Amino acid sequence: MRLTTKGRYAVTAMLDLAIHQGQGPIALADIAQRQGISLSYLEQLFAKLRRRSLVTSVRGPGGGYNLARQAADIHIAEVIAAVDENVDTTRCGGAHNCQNNGPCLTHDLWHDLSDRIYDYLNHISLQQLVDRRDETGNRPGTTCTAVDVKLGVQRIVANA
């Protein structure tokens, strides 16, 4: 599975918006500065998020974006899908033509994994991610184990 920069940035920007919700419309320039994401890239992502009714825009001075629904009602899978990403882990992109125009031996395994990843992301809301943060707006210090699926290499990431 590969979640590209587009999906990661969309989730990051939406989480930033959720954290600052209630402070009026949030300018994309502010999100870009806080998260280190190109403003022009955010503009492209937010056009898609707006079309999928995940955000609303306010024009003019003091304008920006707000979540279209409560953070508890917006799930990560929905954000990823809104920017035309998917969580398909199959080699064929779900077309069942991985090998000689048919499914490969492990197609069902990877398809089932894709379903589980989607279900997991569909049960995590922006609000749940906001709630994981401490009162200063930072994640509590943790050590995470990341697994590079492509290489099968395990690495420890401190304070990820």
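Note that this is a predicted model, so its numbers are computed, not measured. (Residues numbered from 1 in each chain as written. Predicted model: local features only at pLDDT ≥ 70, side-chain atom pairs only at ≥ 80, totals over all residues. Heavy atoms only, no water.)

1. Here's the deal with the overall build of the protein
Summing up its helical and strand segments, the protein has six helices and four strands in all. In the protein, the succession of α and β elements from N to C terminus is α-α-α-β-β-α-α-α-β-β. Scored against the burial criterion, the 160 residues of the protein give a buried share of 33%. Accessible area of the protein: about 10100 Å², with a carbon and sulfur share of 48%. (Helix = DSSP H or I, 4+ residues; strand = E, 2+ residues; numbered from the N terminus. Buried < 20%, exposed > 50% of the residue type's maximum accessible area, 1.4 Å probe, protein only. Areas by Shrake-Rupley, 256 points an atom, 1.4 Å probe, with all protein chains shown as cover.)

2. Thoughts on the environment of R116
Relative to the elements of secondary structure, R116 occurs in helix α5 (residues 107-122). Taking the C-alpha atoms as reference, R116 lies 9.6 Å from V87; in sequence the two are 29 residues apart.

3. Thoughts on the packing of aromatic side chains
With the rule as written, the count across this model stands at two aromatic pairs. Centre to centre, the rings of Y9 and Y41 are 5.7 Å apart; their planes meet at 85°, and the pair counts as edge-to-face. Taken together, the residues Y9 in helix α1 (residues 5-19) and Y41 in helix α3 (residues 39-51) connect sequence positions 32 residues apart. (Phe/Tyr/Trp six-rings, centres within 6.5 Å; stacked < 30°, edge-to-face > 60°.)

4. Quick word on a nonpolar patch on the surface
On the surface, a cluster of nonpolar side chains totalling about 270 Å² of accessible area is made up of L109, W110 and L113. On the secondary structure map, W110 appears in helix α5. Judged by relative accessible area, W110 falls into the partly exposed class, the value being 34%. (Patch = residues over 30% accessible without salt bridge, like charges linked within 9 Å, V, L, I, M, F, W, Y side chains within 5 Å. Salt bridge = Lys/Arg side-chain N within 4 Å of Asp/Glu carboxyl O.)

5. Regarding the environment of D119
Within the fold, D119 resides in helix α5. Considering only alpha carbons, one finds D119 and A77, 42 residues apart in sequence, at a separation of 8.0 Å.

6. What about a negative patch on the surface?
Among the surface-exposed residues, D108, D112, D115 and D119 lie close enough to one another that they form a single negatively charged patch. Within the secondary structure layout, D112 lies in helix α5. (Lys, Arg positive; Asp, Glu negative; His and termini not counted. Charge placed at Lys NZ, Arg CZ, Asp CG, Glu CD.)

7. Some points on the pairing of strand β2 (residues 64-67)
A regular strand places its side chains so that they alternate between the two faces of the sheet. Across four bridges, strand β1 (residues 55-58) lies against β2 in antiparallel orientation. Among the inter-strand pairings, V58 is bridged to a residue of β2, identified as G64. Where β1 hands over to β2, the hairpin turn is made up of five residues, of which G60 adopts a positive phi near 90°. (Pairing = 2+ DSSP bridges.)

8. Observations concerning the pattern of salt bridges
Overall, the coordinates contain two salt bridges when judged by the stated rule. Residue R34 is joined to D16 by a salt bridge in which the shortest nitrogen-to-oxygen separation is 2.7 Å. Residue R34 is found in helix α2 (residues 28-35), and its partner D16 is found in helix α1; the two are separated by 18 residues along the sequence. The class of D16 is buried, set by a relative accessible area of 3%. The partner of R69 in a salt bridge is E78, and the shortest N-O contact between them spans 2.7 Å. By relative accessible area, E78 is classed as partly exposed at 27%.

9. Quick notes on unusual backbone geometry
The residue S53 is not glycine, and still its phi comes out positive at about 60°. Summarising the element assignment, S53 is placed in the loop between α3 and β1. Note on S53: relative accessible area 45%, which makes it partly exposed.

10. Some thoughts on the nonpolar core
With 36 residues, the main nonpolar core has M14, L17, F46, L49 and L126 as its most contacted residues. At the level of secondary structure, the elements contributing two or more residues to this core comprise α1, α2, α3, β2, α4 (76-82), α5 and α6 (126-131). Leave out the neighbours within four places in its chain, and L126 touches M14, L15, A18, L67, A71, I74 and I76. (Core = buried A, V, L, I, M, F, W, Y, C linked by side-chain atoms within 4.5 Å. Contact = heavy atoms within 4.5 Å.)

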